[in-house]
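The residues making up each chain are set out below.
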Amino acid sequence: MSVEILDGSTVRSFVEDEPAFNSSVDGRFAALDADHDGLLSYAEMAGELMSLRVLEKHFGVDEATKEPEELAGLYHGLFARFDRDGNGEVDRDEFRAEMKEVMLAVANGLGFLPVQMVVEEGSFLKVAVDREMGQLAKAA
């Protein structure tokens, strides 16, 4: 993990750089595709969905008041967002499309003022920051 400064334009610029964004998303897709069939099952995506920490309240601790059935329903609902055609599997195009929506929502949420944030190595946010820093270094 590292502490980075970013704003919505950092993330938006990364998403709009289609070759860079697709390369990063495709890398994550390939890493999740355990059986290398070009499709992601719920089982293959479950760990990634849970890492989104949608219930996080304080410093990496999820809210513990949810029943296991509620949590399962929540994660299945997230999977359904990716599985746009409802066939029970997520293909590369579905994964790209949903990740684009997610990242643009993050960009909108960040807004235009820079914020300091802890980001995980290899995360899409870290890739976006590194990309921006590389562009700034080239311009200097």
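Residues numbered from 1 in each chain as written. Predicted model: local features only at pLDDT ≥ 70, side-chain atom pairs only at ≥ 80, totals over all residues. Heavy atoms only, no water.

Draft legend 1. The packing of aromatic side chains, seen in detail. Counted according to the given criterion, the structure contains 5 aromatic pairs. On the basis of an interplanar angle of 75° and a centroid distance of 5.4 Å, the ring pair of Phe-14 and Phe-21 is categorised as edge-to-face. Each member of the pair Phe-14 and Phe-21 is classed as buried. Note on Phe-21 and Phe-124: the rings are 6.5 Å apart at their centroids and 40° apart in plane angle, and the pair reads as tilted. Of this pair, Phe-21 sits in helix α2 (residues 18-32) while Phe-124 sits in helix α6 (residues 124-139), placing them 103 residues apart in sequence. Overall, Phe-124 belongs to the buried group, its relative accessible area being 7%. Joined through ring pairs, the aromatic side chains of Phe-14, Phe-21 and Phe-124 make up one cluster. (Phe/Tyr/Trp six-rings, centres within 6.5 Å; stacked < 30°, edge-to-face > 60°. Buried < 20%, exposed > 50% of the residue type's maximum accessible area, 1.4 Å probe, protein only. Helix = DSSP H or I, 4+ residues; strand = E, 2+ residues; numbered from the N terminus.)

Draft legend 2. Expanded view of the nonpolar core. One finds Val-11, Met-45 and Phe-95 to be the most contacted residues of the largest nonpolar core, which totals 25 residues. A total of 5 residues in this core trace back to one element, the largest contributor, which is helix α5 (residues 92-110). Not counting residues up to four positions away in its chain, the partners in contact with Phe-95 are Val-25, Arg-28, Phe-29, Leu-32, Leu-40, Met-45, Phe-82 and Val-90. (Core = buried A, V, L, I, M, F, W, Y, C linked by side-chain atoms within 4.5 Å. Contact = heavy atoms within 4.5 Å.)

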